Amino acid sequence: MGTYLATLYRQGIRLWGGPTFEHQARFYHPMVRLIDFSPCERYFVTWSNEPIVVTDSTPVGTQYFTAEDEGNNTAVWDIKTGNLLRTFFISPPEGEGKAKMAWPALKWSPDDKFVARVTTGQHISVYE
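Note that the structure is a prediction, hence the values are computed from the model and not measured. (Residues numbered from 1 in each chain as written. Predicted model: local features only at pLDDT ≥ 70, side-chain atom pairs only at ≥ 80, totals over all residues. Heavy atoms only, no water.)

A. Main features of the overall build of the protein chain. Check the secondary structure of the protein chain and you find 0 helices and 10 strands. Scanning the protein chain from its N terminus toward the C terminus, one meets helices and strands in the order β-β-β-β-β-β-β-β-β-β. Against the 2.2 N^0.38 benchmark of 14 Å for 128 residues, the protein chain shows a C-alpha radius of gyration of 15 Å, consistent with a compact globule. Out of the 128 residues in the protein chain, the part that is buried amounts to 34%. Within the protein chain, contacts between residues at least 6 apart in sequence are counted, and of these 36% link residues at least 24 apart. Only carbon and sulfur atoms are counted for the fraction: they give 53% of the accessible area of the protein chain, which is about 8200 Å². Here the protein chain carries 12 positive and 14 negative side-chain charges, and the mean point of each set is 6 Å from the other. (Helix = DSSP H or I, 4+ residues; strand = E, 2+ residues; numbered from the N terminus. Rg over C-alpha atoms; globule rule 2.2 N^0.38 Å. Buried < 20%, exposed > 50% of the residue type's maximum accessible area, 1.4 Å probe, protein only. Contact = heavy atoms within 4.5 Å. Areas by Shrake-Rupley, 256 points an atom, 1.4 Å probe, with all protein chains shown as cover. Lys, Arg positive; Asp, Glu negative; His and termini not counted. Charge placed at Lys NZ, Arg CZ, Asp CG, Glu CD.)

B. How the structure looks around the sheet that holds strand β9 (residues 115–119). Spatially, β8-β9-β10 is the arrangement adopted by the 3 strands of the open sheet, whose pairing is antiparallel. Looking along the sheet, the strands with just one partner apiece sit at the ends: β8 (107–108) and β10 (123–127). Alignment of β8 against β9, held across 2 bridges, turns out to be antiparallel. Among the inter-strand pairings, tryptophan 108 is bridged to a residue of β9, identified as valine 115. (Pairing = 2+ DSSP bridges.)

C. Structural detail: the confidence of the model for the protein chain. In the predicted model, the protein chain carries a mean pLDDT of 90, and 93% of its residues have values of at least 70. By mean pLDDT, the top-scoring element of the protein chain is strand β6 (residues 74–78) (97), and the lowest-scoring one is β9 (91). (pLDDT = per-residue confidence, 0-100.)

D. Region of interest: the sheet that holds strand β5 (residues 43–48). In space, the 4 strands of this open sheet follow the order β4-β5-β6-β7, with antiparallel pairing throughout. Each end of this open sheet is capped by a strand with a single partner; those strands are β4 (32–37) and β7 (84–88). Averaged over all neighbouring strand pairs, the angle between strand axes comes to 20°, with direction disregarded. In this sheet, β6 lies alongside β5 in antiparallel orientation, the contact comprising 5 bridges. Bridging from a neighbouring strand, tryptophan 47 pairs with threonine 74 of β6. (Axes fitted to C-alpha atoms, helices over the stretch in contact; angles between N-to-C directions.)

Set out below in C-alpha cells:
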C-alpha cells in the first residue's frame, strides 16, 4: 500500500511513514536481510540468515526476542504496537548448486486475518 518505508540496519528495522515519512517505529532483529508487509500493512515479517541468539544483554519486553525464539530466523511483528508476535525457523530449500529461498515465506490472506507457511514435506500451518 506504500504506507511505510523500511530501512534495515545492523540491529534491525526502522519504519518511516506519515505525510513527511517521519520515524514511526523500530524493530529489533539483528542482521535482518528480508522483510515483507501483510496486504493491509498491519503486520510485517523479517528474516535473517543467522539464527536468533538471546544473551544477557538482549533487551527485555514484548518487542524483543526471548529464549523461546532462539534458533529461529523469521519473525512476525504487529506494526502498530511494535510487539513480536511469533518466530519461526525457515531455511532455503535443499538442492544442488546455490539454494534459492522462496520469498515471501509466509502467505497472508487478503484481509490480514490469516497467515500460512509450508514446512516442506511435512505440513501447511495456518495462523490467526
